[in-house]
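Chain by chain, the residues run as shown.
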Amino acid sequence: MARRGRRTLGMPLPISGRFLPATMLIIIGLGLMIYIGFTKEVRGTQDLVVKEGTLSNYSFKKTKEGERDYGLWLKEFPERFIMTDRDEASFDTAAFKAAIQPGQRLRVEYSTRENLMENGGLRKLYGLAIPSKNITYFEGRNTVQHENTGVINWIMYALLAAGVGLYAWELIKMQREKKAYRH
């Protein structure tokens, strides 16, 4: 008759009891990862499209609340291109106005994942350049990198690392307890 009891090899790792805090940290971290994956408009530079268009108009004004409202219109696109808050803050409008006039060509980088119906016909600019004058105002890879290094990302990584570390620590403690019990 075979003895019933716990197997030491091939035993699944427990997820309750002493491993519950570690498991919860990992689950919350994975939940944040899923949330970020579904809500981010751009995960990487592979989500960006680079196109050229003819500048038809631009607007660099402030709203009644004092926030910047910068936008560009290109003849080839029905939507308005807007800048991210970070790019608006560092954008030199005077230099832009001096460098280009309506009718000249611009190179824009934007996301293929944006839904224009949800955004009210606005498309976020991730990169902007004037190729004929070799002027680049901001690049898509830098904008994407900045957007993907936010606080929520650091929290996600910290939760996952803490959960895995705590899980490993509990396994080590459990092994030490088994050794002490056997001797």
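Residues numbered from 1 in each chain as written. Predicted model: local features only at pLDDT ≥ 70, side-chain atom pairs only at ≥ 80, totals over all residues. Heavy atoms only, no water.

**Concerning the packing of helix H1 (residues 20–39) against helix H5 (residues 151–182)**
Reasoning step 1: Running from N to C, H1 and H5 point in directions that differ by 150°, and their axes come no closer than 8 Å. Regarding the angle of H1 to H5, the classification is roughly antiparallel. As for the relative orientation of H1 and H5, their crossing is left-handed in sense. Where H1 approaches H5, its residues Pro21, Ala22, Thr23, Leu25, Ile26, Ile28, Gly29, Leu30, Leu32, Met33, Tyr35 and Ile36 are matched on the opposing element by Ile152, Asn153, Ile155, Met156, Leu159, Leu160, Ala162, Gly163, Val164, Leu166 and Tyr167.
Reasoning step 2: Across the contact of H1 with H5, the residue classes break down as 19 nonpolar, four polar and no charged. (Axes fitted to C-alpha atoms, helices over the stretch in contact; angles between N-to-C directions. Helix = DSSP H or I, 4+ residues; strand = E, 2+ residues; numbered from the N terminus. Parallel < 35°, antiparallel > 145°, perpendicular 65-115°, else oblique. Left-handed = near helix turned anticlockwise from the far one by under 90°. Contact = heavy atoms within 4.5 Å. Nonpolar A, V, L, I, M, F, W, Y, C, P; charged D, E, K, R; others polar.)

**Observations regarding H5**
Reasoning step 1: Between its first and last C-alpha atoms H5 spans 46 Å; for 32 residues at 1.5 Å apiece the expected length is 46 Å, and the two agree.
Reasoning step 2: Its buried side turned inward, H5 meets H1 and helix H4 (140–147). (Expected span 1.5 Å × (residues − 1).)

**What about the pairing of strand E3 (residues 80–83)?**
Reasoning step 1: For strand E2 (residues 68–74) and E3, the ladder comprises three bridges, and the chain directions are antiparallel. Directly across from leucine 72, in E3, lies its bridge partner phenylalanine 81.
Reasoning step 2: Where E2 folds back onto E3 in an antiparallel hairpin, the turn is made up of five residues.
Reasoning step 3: Looking at chain direction, E3 and strand E5 (residues 122–130) are connected through four bridges and run parallel. What sits directly across from phenylalanine 81, in E5, is arginine 123. (Pairing = 2+ DSSP bridges.)

**With respect to the packing of aromatic side chains**
Reasoning step 1: The full count for this structure, using the stated rule, is 14 aromatic pairs.
Reasoning step 2: For the ring pair phenylalanine 19 and tyrosine 167, a centre distance of 4.7 Å and an interplane angle of 40° mean the geometry is tilted. With phenylalanine 19 in the segment before H1 and tyrosine 167 in helix H5, the pair connects residues that are 148 residues apart, well separated along the chain.
Reasoning step 3: Here a set of aromatic residues connected by ring pairs shows up, and it is made of Tyr58, Phe60, Tyr70, Phe91, Phe96, Tyr137 and Phe138. (Phe/Tyr/Trp six-rings, centres within 6.5 Å; stacked < 30°, edge-to-face > 60°.)

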